[in-house]
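Each chain, written out:
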Amino acid sequence: MNSYDVIVLGGGAAGLMCAAEAALRGRKVLILEQGHRPGPKILVSGGGRCNFTNIYVKPANYYSSNPGFVNEALSGFKPKNFINLVKERRISYHEKKEGQLFCDKSAKEIIDLLVKRAETSGVKLLLNQKVQQIVHKNGSFTVKTETETYQANKLVVATGGLSWPQLGATDLGFQIANQFGLKIIEPAPALAGLLFPTQEMIRFKDLAGIHLRVSVSCGSWNMEEDIMITHKGLSGPVILNASLVWKPKQEIIINWVPELTVESTYRQLKKDKAAGGRGEFRIWFSERIPRRLAERIAWNAEARGSWAELSDERLLALATDIHAYRFVPADTFGYRMAEVMKGGVDTREFSPTTMECLKVPGLFFIGEILDVTGQLGGFNFQWAWSSGFACGQAL
Ligand SMILES: Cc1cc2nc3c(=O)[nH]c(=O)nc-3n(C[C@H](O)[C@H](O)[C@H](O)COP(=O)(O)OP(=O)(O)OC[C@H]3O[C@@H](n4cnc5c(N)ncnc54)[C@H](O)[C@@H]3O)c2cc1C
């Protein structure tokens, strides 16, 4: 009989966590995973070492059109709960920076932890099962894959986001949301680089590889962290985080020297000019940011007129450029290079305690398919564990 208490669609981070919890509570649980192995994104995460949580997780680390939704799940299953599982399996780990925990050896250890835990608690995990259709009749869900049909009274959608389609990401979660008339907050690539528009492409593309600490603003959002110049745009932690809030056609502002102010830089520039000119300026500026980038920005200043003739107004414009370099990115690097998808199925359709759909009893959504997106640094996996745990307790 292909009949179960619970069918979980997707054997990734949230699905594996949820299935184990439900099975530990005595439920007969089936996971249907389309891939030839479980947890494909876990394997590539954190550069192969999986940044599996962040010890400083708090609701403010998440973006959602319904911000309070994460509170209950995050406090019901905390970073320390997942760390305990990691310790039980004797997986060695380290804190890289700012609470970000990574495996010492390999992300595969986290997959093994989740799969072992699910299987020893009785979960049946079937691979190569691409789910194609759901039929909901008389309170029961029938799930059709390419080859088989399965049935359960509870269905958990844990099919993840649209990023990294090369690892098999699909829009099944959105198809199911549409089928049941659930609202969707428009999805977009996030934790992704931002493409240069033409002018910045000309100015910066041969500086690929340069990285430095800057401050970036996007609307009212601001963060100081590392930026990296690539051959087609900007990347690095501060830009990946900026992509969580950036909207098409919106300007971003880079402060190349956040430890100084426009006023102090302006004073410095005037002093340098009075002392004889651009050599001094270049020495001064090159001490603060990588030389080639400093020269490019200085070249930008020269393009405004000869150094000796620069008016106070122009010096101020240069100081402003150093502290508030403005441009409108052409786009993000897209889903193929984005760590996550922002947006997703509207959480207002679900109970924050159980992740159950308010208008379709028995239907649950967990993990990244929901409109909950964490910052860079282990927050997205923590959401997968916490939402998966909350749901597992309710099945
Ligand atoms: C390169 C990269 C690096 C990352 N690094 C980190 C990190 O270090 N720390 C962090 O916190 N987050 C990281 N993330 C984000 C993190 O991987 C996700 O947020 C997390 O995996 C989401 O969990 P999930 O269970 O919702 O989805 P997933 O883990 O993506 O699982 C969804 C599963 O559903 C399956 N599926 C999809 N469609 C179907 C279908 N039609 N039928 C059957 N199965 C289906 C998929 O194959 C997949 O196994 C990274 C992401 C990427 C792409």
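Rules used in this analysis
- Residues numbered from 1 in each chain as written.
- Predicted model: local features only at pLDDT ≥ 70, side-chain atom pairs only at ≥ 80, totals over all residues.
- Pairing = 2+ DSSP bridges.
- Helix = DSSP H or I, 4+ residues; strand = E, 2+ residues; numbered from the N terminus.
- Near = placed C-beta within 6 Å.
- Nonpolar A, V, L, I, M, F, W, Y, C, P; charged D, E, K, R; others polar.
- Domains from an automatic or database assignment.
- Contact = placed C-beta atoms within 7 Å.
- Core = buried A, V, L, I, M, F, W, Y, C linked by C-beta atoms within 7 Å.
- Buried ≥ 20, exposed ≤ 12 C-beta atoms within 10 Å, placed from the backbone.

### Comments concerning the sheet that holds strand S16 (residues 252-255)
Reading across the sheet, the 6 strands line up as S12-S15-S14-S13-S16-S17 and stay open at both edges, with antiparallel pairing between neighbours. Looking at strand neighbours, the two that pair on one side only are strand S12 (194-195) and strand S17 (325-327), the edges of this open sheet. Relative to S17, S16 is paired through 3 bridges, and the arrangement is antiparallel. The partner of Ile 254 across the bridge, within S17, is Tyr 325.

### Notes on the site of the ligand
Near the ligand lie 37 residues; those nearest to it are Gly 10, Gly 12, Ser 45, Gly 160 and Gly 367. Those elements that place two or more of their residues in the shell around the ligand are helix H1 (13-24), helix H2 (40-44) and helix H13 (379-394). Tallying contributions element by element places H13 first for the shell around the ligand, with 4 residues. The residue inventory of the shell around the ligand, partitioned by class, reads 15 nonpolar, 17 polar and 5 charged.

### Some remarks on the domain arrangement of the chain
Here the chain is described as being made up of domain 1 (3-188 + 341-394) and domain 2 (193-333). Computed over C-alpha atoms only, the centres of domain 1 and domain 2 are separated by 40 Å. With 5 residues of domain 1 at the contact, the number on the domain 2 side is 4 residues. Per-class residue counts for the side of domain 1 that touches domain 2 are 2 nonpolar, 2 polar and 1 charged.

### Let's talk about the nonpolar core
By size, the foremost hydrophobic cluster in this structure holds 73 residues, and its most contacted members are Ile 7, Ala 19 and Val 156. Tallying contributions element by element places H1 first for this core, with 9 residues. When near neighbours in sequence (up to four residues on either side) are disregarded, Ala 19 contacts Val 8, Val 29, Ile 31, Ala 118 and Val 123. Counting residues in hydrophobic clusters, the runner-up holds 39 residues, among them Leu 191, Leu 194, Leu 240 and Ala 242.

### Notes on the environment of Gln 129
Positionally, Gln 129 belongs in the loop between strand S7 (124-126) and strand S8 (131-137). For Gln 129, a count of 21 C-beta atoms within 10 Å corresponds to the buried category. For the pair Gln 129 and Phe 180, spaced 51 residues apart in sequence, the C-alpha separation works out to 22 Å. Those residues within four positions of Gln 129 in sequence are excluded, and the remaining contacts are Leu 32, Glu 33, Gln 34 and Thr 145.

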